[in-house]
Amino acid sequence: MTPQKKATVVSSSVAAVLTLMKLVIGIASGSVAVLASAVDSVLDMFVSIFNYFAISNSEKPADRTFNYGRGKIEALASVIEGTIITISGLFLLYQAVQKAINNQASQFLEISIYVMIISLIITILLVIYLSYIAKKTNSMVIKADALHYKTDVFSNVAVLVSLVLVTFTGYELIDVFVGGGIALYIIYSSYELIHD
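Residues numbered from 1 in each chain as written. Predicted model: local features only at pLDDT ≥ 70, side-chain atom pairs only at ≥ 80, totals over all residues. Heavy atoms only, no water.

As for the overall build of the protein
- In terms of regular secondary structure, the protein is built from 6 helices and 0 strands.
- Starting at the N terminus and ending at the C terminus, the protein contains elements arranged as α-α-α-α-α-α.
- Taking 196 residues into account, the globule formula puts the C-alpha radius of gyration at 16 Å, and the protein, at 18 Å, falls close to it.
- Here the C-alpha coordinates of the protein stretch approximately 65 × 25 × 20 Å along the principal axes. (Helix = DSSP H or I, 4+ residues; strand = E, 2+ residues; numbered from the N terminus. Rg over C-alpha atoms; globule rule 2.2 N^0.38 Å.)

In structure tokens form, the structure reads like this:
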């Protein structure tokens, strides 16, 4: 298995674990920020799986149909990943607005904080690994994956800060603003990926 393929398997597995953790806590707590992070992890998992197949196809040699090989599949995969990231950002923005309108209260904040700390540590380790593989292999897909998980680090920090502030102040609007801010940041970060 090539380093690029191995990296996509690792990122898919990590995303699956993070998805399960965040989804359970996000639904139970009613926190838009945690739910936003969970939705992003679901998309991470599907994108990483898609990247595995994109890399597998791009590594195939030239043939009669593809005279110059399939190397451009990686660039196409990056555009698709950027588009998916944008859609997830729009969905999260919608969720934040819904929470603000319905004035929903968050629950299980202490457990949510622990989950986000664990998630942050795991994501940082994954970014270090993916960045190393991207530099070693010069793979656009792995570079895109590393960029995606870097945005997750920032969003995990924002969610963690949001949960701590809501715990101490009781202001649910902090959760709404952080969830909305993460959504806007996700949309912005996907532009660079699509542009490249």
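So, next bit.
Regarding the packing of helix α1 (residues 3-29) against helix α4 (residues 109-137)
- The geometry of α1 relative to α4 is characterised by a closest axis approach of 10 Å and an angle of 165 degrees between their N-to-C directions. Classified by the angle their axes make, α1 and α4 are roughly antiparallel. Relative to α4, α1 is oriented so that their crossing is left-handed.
- Of the residues that constitute the contact of α1 with α4, the class distribution is 16 nonpolar, 7 polar and 2 charged. (Axes fitted to C-alpha atoms, helices over the stretch in contact; angles between N-to-C directions. Parallel < 35°, antiparallel > 145°, perpendicular 65-115°, else oblique. Left-handed = near helix turned anticlockwise from the far one by under 90°. Nonpolar A, V, L, I, M, F, W, Y, C, P; charged D, E, K, R; others polar.)

Comments concerning the side chain of S119
- Relative to the helices and strands, S119 resides in helix α4.
- The class of S119 is buried, set by a relative accessible area of 0%.
- Setting aside residues up to four positions removed in sequence, S119 forms contacts with L18, M21, K22 and N156. (Buried < 20%, exposed > 50% of the residue type's maximum accessible area, 1.4 Å probe, protein only. Contact = heavy atoms within 4.5 Å.)

What about the environment of P61?
- As for its position among the elements, P61 is in the loop between α2 (32-58) and α3 (73-102).
- Assessed through its relative accessible area of 63%, P61 is described here as exposed.

Examining the confidence of the model for the protein
- Of the residues in the protein, 93% reach a pLDDT of 70 or more, and the chain-wide mean stands at 81.
- Per-element confidence in the protein ranges from a low mean pLDDT of 76 for α2 to a high of 91 for α4. (pLDDT = per-residue confidence, 0-100.)

Overview of the packing of α1 against helix α5 (residues 140-169)
- Taken N-terminus to C-terminus, the directions of α1 and α5 make an angle of 25 degrees; their axes are 11 Å apart at the nearest point. As judged from the angle between their axes, α1 and α5 are roughly parallel. The handedness of the crossing between α1 and α5 is left-handed. Residues Q4, A7, T8, S11, A15 and K22 of α1 form the contact with α5, whose participating residues are I142, D145, Y149 and N156.
- Of the residues that constitute the contact of α1 with α5, the class distribution is 4 nonpolar, 4 polar and 2 charged.

Things to note about the nonpolar core
- Counting residues in each nonpolar core, the largest one holds 38 residues, and the members touching the most others are L130, I142, V159 and L163.
- Those elements that provide at least two residues to this core are α1, α2, α3, α4, α5 and α6 (173-195).
- Leaving out residues up to four positions away in the same chain, L163 has contacts with S31, V34, L109, S112, I113 and M116. (Core = buried A, V, L, I, M, F, W, Y, C linked by side-chain atoms within 4.5 Å.)

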